[in-house]
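# Secondary and tertiary structure notes
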Amino acid sequence: MAVPENFDVAHLGPVELLTPSFDESLWFFRDLLAMREVARIGDSAYLRTWDEYQLYTVKLTATDAAGVGRTSFRASSRDALERRVAAIEATGLGDGWTDGEVGTGPTFLFRDPDGHAMAVYYETDRYVATDDRPALKNQASAFPGRGVNARRLDHINYLAKDVEACGAFVADALGMRESERIRLDNGRFAAWWFHFGLKSYDVVYSDDWTRHGNRLHHIAFAPDTREDILKAADIFLENGIHIESGPHKHAINQTFFLYVWEPGGNRIEFANAGARLLLDPDQPVVEWSEQERRKGQAWGMKTIESFHTHGTPVV
Ligand SMILES: [Fe+2]
């Protein structure tokens, strides 16, 4: 796979989550994660994490079924945006330009081969804190000091009918670089990790056993420390949130993790993923075998069965 010399896409931008339990999901993100609602348009609430430099991080939309709506990616420059749009159009999966929403400029819409709605943009308004001004000017807003204090969105993990096709798509269309992958004994990839910058992953594709298409495995938020994740588990326990797995440490990319299901049914991860940076421009992809995966996660905990079966929408 060709390795881009620089990254045309800077990072994962806002993600739209769909929920059949809007009020309960809003409580989860606003009250338990300490996110701030910055806009309400139609059936959607726009929410930001406290160190989000843009206006919003998650668009929460009331729908009949849980799942993921549109995932946005911020290009690194106007020229980079044009290059990515040309690359996306060459795949035949482009859907055209639209006006951005809530602070984002012109946005090009497209879909991955699995049907996940995506968008790429460059122009974006920066958040201006008012009653939540931080003490330090190198921070987007004041530390909320309540609940789980989700600092920023870290990554998204999609379920896909064809992991190889989707991985090849984000490499070609978005210029992503692969970091790690699981290859099954039958030669196919069970999951494939991709990154935009120094972080070891930003987008992941996992094999969807149901072959449904357009499903979400999880989105992940990053707190500062492992201790924050342990405290998050206590907060979710106190508030009746389903804890699915963890806290534990992933073998792949070594992330310390906790998985819960928000009230709408979407899997949400809290992941301390910043420890492993890929500084090496020639970083070889790390491939894990089926046998290695049977050893479980880093400290031996076996991967929970629902991790292979639960996704949203539920099918
Ligand atoms: Fe994850």
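Definitions and cut-offs
- Residues numbered from 1 in each chain as written.
- Predicted model: local features only at pLDDT ≥ 70, side-chain atom pairs only at ≥ 80, totals over all residues.
- Heavy atoms only, no water.
- Helix = DSSP H or I, 4+ residues; strand = E, 2+ residues; numbered from the N terminus.
- Expected span 1.5 Å × (residues − 1).
- Buried < 20%, exposed > 50% of the residue type's maximum accessible area, 1.4 Å probe, protein only.
- Arc of directions from axis to C-beta.
- Contact = heavy atoms within 4.5 Å.
- Salt bridge = Lys/Arg side-chain N within 4 Å of Asp/Glu carboxyl O.

## Here's the deal with helix H2 (residues 78–91)
With 14 residues, H2 ought to run about 20 Å at 1.5 Å a step, and its terminal C-alpha atoms sit 20 Å apart, in line with that. Every buried residue belonging to H2 is among Ala-80, Leu-81, Arg-84, Val-85 and Ile-88, and all of these are buried. In a view along the axis of H2, the buried residues occupy a sector of 135 degrees, so they form one face of it. Opposite its buried face, H2 presents the exposed residues Asp-79 and Ala-90, each directed more than 90 degrees away. Looking at the buried side of H2, the elements it contacts are strand E1 (9–19), strand E5 (67–75), strand E6 (94–98), strand E7 (107–111), strand E8 (117–121) and helix H3 (163–174).

## Brief notes about the pattern of salt bridges
All told, the structure shown has 26 salt bridges when counted by the stated rule. The partner of Glu-180 in a salt bridge is Arg-276, with the nearest N and O atoms 2.9 Å apart. Taken together, the residues Glu-180 in strand E10 (residues 177–183) and Arg-276 in the loop between strand E16 (267–272) and strand E17 (286–289) connect sequence positions 96 residues apart. For Glu-180, a relative accessible area of 3% gives the class buried. Here Arg-211 ties to Asp-207 by a salt bridge, and the two come within 2.9 Å at their closest N and O atoms. On the accessibility criterion, Arg-211 (42% relative accessible area) is partly exposed. For Asp-207, a relative accessible area of 19% corresponds to the buried category. Connected through salt bridges with shared partners, the residues Arg-152, Asp-154, Lys-199 and Asp-202 form a single ionic network.

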